[in-house]
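If you want the building blocks of each chain, they are given just below.
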Protein chains: 2
Amino acid sequence: MQTFTMPLPLTDHIKKFVDLSAADVDVINAAVSVKTLKKKTFLLEPDHVCKELYFVSKGCLRLYFINKKLNEQITQFAIENWWITDHDSLESGKPSKYAIQAVENSEVISITKTKLEELFIAVPQLERYFRIVQLRAFTAAQKRIEFIYSMTEEERYWHFSSLFPGFLQRVPQYMLASYLGFTPQFMSKIRAKKT
Amino acid sequence: MQTFTMPLPLTDHIKKFVDLSAADVDVINAAVSVKTLKKKTFLLEPDHVCKELYFVSKGCLRLYFINKKLNEQITQFAIENWWITDHDSLESGKPSKYAIQAVENSEVISITKTKLEELFIAVPQLERYFRIVQLRAFTAAQKRIEFIYSMTEEERYWHFSSLFPGFLQRVPQYMLASYLGFTPQFMSKIRAKKT
DNA sequence: CAAAAAAATGAATCACGATTAAGAAAACAC
DNA sequence: GTGTTTTCTTAATCGTGATTCATTTTTTTG
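Rules used throughout
- Residues numbered from 1 in each chain as written.
- Chains lettered and ligands numbered in written order.
- Predicted model: local features only at pLDDT ≥ 70, side-chain atom pairs only at ≥ 80, totals over all residues.
- Heavy atoms only, no water.
- Least-squares fit on C-alpha atoms with pLDDT ≥ 70 in both.
- Contact = heavy atoms within 4.5 Å.
- Domains from an automatic or database assignment.
- Buried area = accessible area lost by both parts, 1.4 Å probe.
- Salt bridge = Lys/Arg side-chain N within 4 Å of Asp/Glu carboxyl O.
- Helix = DSSP H or I, 4+ residues; strand = E, 2+ residues; numbered from the N terminus.
- Pairing = 2+ DSSP bridges.
- Axes fitted to C-alpha atoms, helices over the stretch in contact; angles between N-to-C directions.
- 1 Å grid on protein atoms, 1.4 Å probe; cavity = no way out; pocket = protein on both sides within 12 Å on 5 of 7 lines; lining within 4 Å.
- Points joined across faces, edges and corners; volume = space filled by probe spheres on them.
- Nonpolar A, V, L, I, M, F, W, Y, C, P; charged D, E, K, R; others polar.

(A) Broad picture of the relation of the copies chain B and chain A. The transform that puts chain B on chain A rotates by 180° and translates by 0.0 Å along the axis, for an RMSD of 0.0 Å. Such a turn and shift between the copies fits a two-fold axis. Among all residues of chain B, the one whose C-alpha sits closest to the rotation axis is Arg 131 of chain B, at a distance of 2.0 Å. Interface overlap between copies: 100% of the residues of chain B at the interface are likewise at the interface in chain A, consistent with a symmetric, same-surface contact.

(B) Structural context of the domain arrangement of chain A. All names here are of chain A. Domain parsing of chain A yields domain 1 (9-135) and domain 2 (151-195). In this structure, domain 1 and domain 2 have C-alpha centres spaced 26 Å apart. Taken together, the contact pairs 13 residues of domain 1 with nine residues of domain 2. Where domain 1 abuts domain 2, roughly 880 Å² becomes buried across the two surfaces, and 60% of that area is made up of carbon and sulfur atoms. On the domain 1 side of the contact with domain 2, Ile 74, Phe 77 and Glu 104 bury the most area, a combined 48% of that side's loss. At the junction of domain 1 with domain 2, the criterion picks out two salt bridges. In this structure, Arg 170 engages Glu 104 in a salt bridge whose closest nitrogen and oxygen atoms are separated by 2.9 Å.

(C) Fine view of the pattern of salt bridges. With the rule as written, the count across this model stands at 22 salt bridges over all chains. Arg 62 of chain A is paired through a salt bridge with Glu 72 of chain A; the nearest N and O atoms lie 2.8 Å apart. Highlighted residues: Arg 62 of chain A in strand 4 (residues 61-66) and Glu 72 of chain A in strand 5 (residues 72-78), separated in sequence by 10 residues. Its salt-bridge partner being Lys 97 of chain A, residue Glu 146 of chain B comes within 2.5 Å of it at the nearest N-O pair. Of this pair, Glu 146 of chain B sits in helix 5 (residues 125-150) while Lys 97 of chain A sits in the loop between helix 3 (87-92) and strand 7 (98-102), on two different chains. In the salt-bridge network here, residues are joined through shared partners; they are Glu 80, Glu 104 and Arg 170 of chain A.

(D) Seen up close, the sheet that holds strand 2 (residues 42-44) of chain A. Residue and element names in this part refer to chain A. Ordered by their spatial adjacency, four strands build an open sheet running 2-7-4-5, and the pairing between neighbours is antiparallel. Among the strands making up the open sheet, the edge pair consists of strand 2 and strand 5. Neighbouring strand axes in the sheet, compared pairwise and without regard to direction, differ in orientation by 30° on average. Taken together, the five bridges between strand 4 and strand 7 define a ladder with antiparallel strand orientation.

(E) Quick peek at the layout of surface pockets. Of the volumes computed, that of the second largest pocket is approximately 1,300 Å³. The wall of the second largest pocket is formed by 46 residues, among which Ile 148, Glu 153 and Arg 156 of chain A together with Ile 148 and Glu 153 of chain B lie closest to the centre. Here the lining of the second largest pocket is built from residues that sort into 15 nonpolar, 17 polar and 14 charged.

Laid out in structure tokens, this is it:
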């Protein structure tokens, strides 16, 4: 008897960075689970402990918290081939301040922290994969801090929209405003200038 | 004949996260070099390609760039047991916008990217070590973005000074102001309030 | 120790973007 | 397809923190 394993986008992604044997692929696929999410579904709600990491295979998710002024503050988006989770809660086991929610109908590949630790033993190449992915994430975060500190909010908007033109179409403007750190009203003002 | 190897703080740090044999320690120590830096010494100057990573064993370094208003914008400090480098330039091989400079008389353990890649082959546990260290760095960067977006500049100052009281004594106030994203003048104003 | 450089403070004015409060337009649901 | 929720826009006022310029204090160096 032959078993068919659907080629998972996750292992494809990993293979871009490290070698995986067919057996490795099976071990990984057995450790993860695929979730299909309707728009607005929550993968993590505030005050819950975050137990899993999510790899976006389709769609778009957001990570946000409620700030003191009771507004949603988005700190991260994740589209295809990006990981998203609250690492802080995941590592510490403490309740999260964050929510993770599907912005579009999406599909994620999820893995619990526990399973991931087992995978690091079973498939040691994953240490390298996650080191590289983590480095990229850190570099992106550093660059973001650099932009925050060196551009006005208006400059940040034009910069972002030139870097990721397609993204503007995918998320509501008020979410992008939140991610960029300003109000939807201000965003309207900006857009009204240069049509 | 017996050779004495000075116990390097770097391998001590690595051992907190992964196991190293005596041989591993030797291999690592052979790959790195120790640099003693007088205050204000540069490890990286703008427009140069960054070739090395630095582990601070003593003292304090800063990473900064010159923004459009021609002010120094500090994006990172590194004290004992932290790594500092311009990952972006290091990975891409492109000239850096950043400077890395000693804020105090310091000692760093440096390793070139090339040597580090060799080390990953020779001592595979380092993949795990750097994965973990990288994750911590990313989590810290994420938290910083969270603070930037959820506190006023004044709140950020008080928050920072309560989190790292000792640090206030170590760096000039204008550098902390830069790191926190505001002007030295504003910092004076804040401090004048609550004395 | 004196001179020079670096760092911190102070006050007055100004600008960017928040806030508030509407209303208009789009998207969604039944 | 029309009623409802969500998203986007417009305009007036307000506040935080930047800017500018000057002075004082501290640190460094010869």
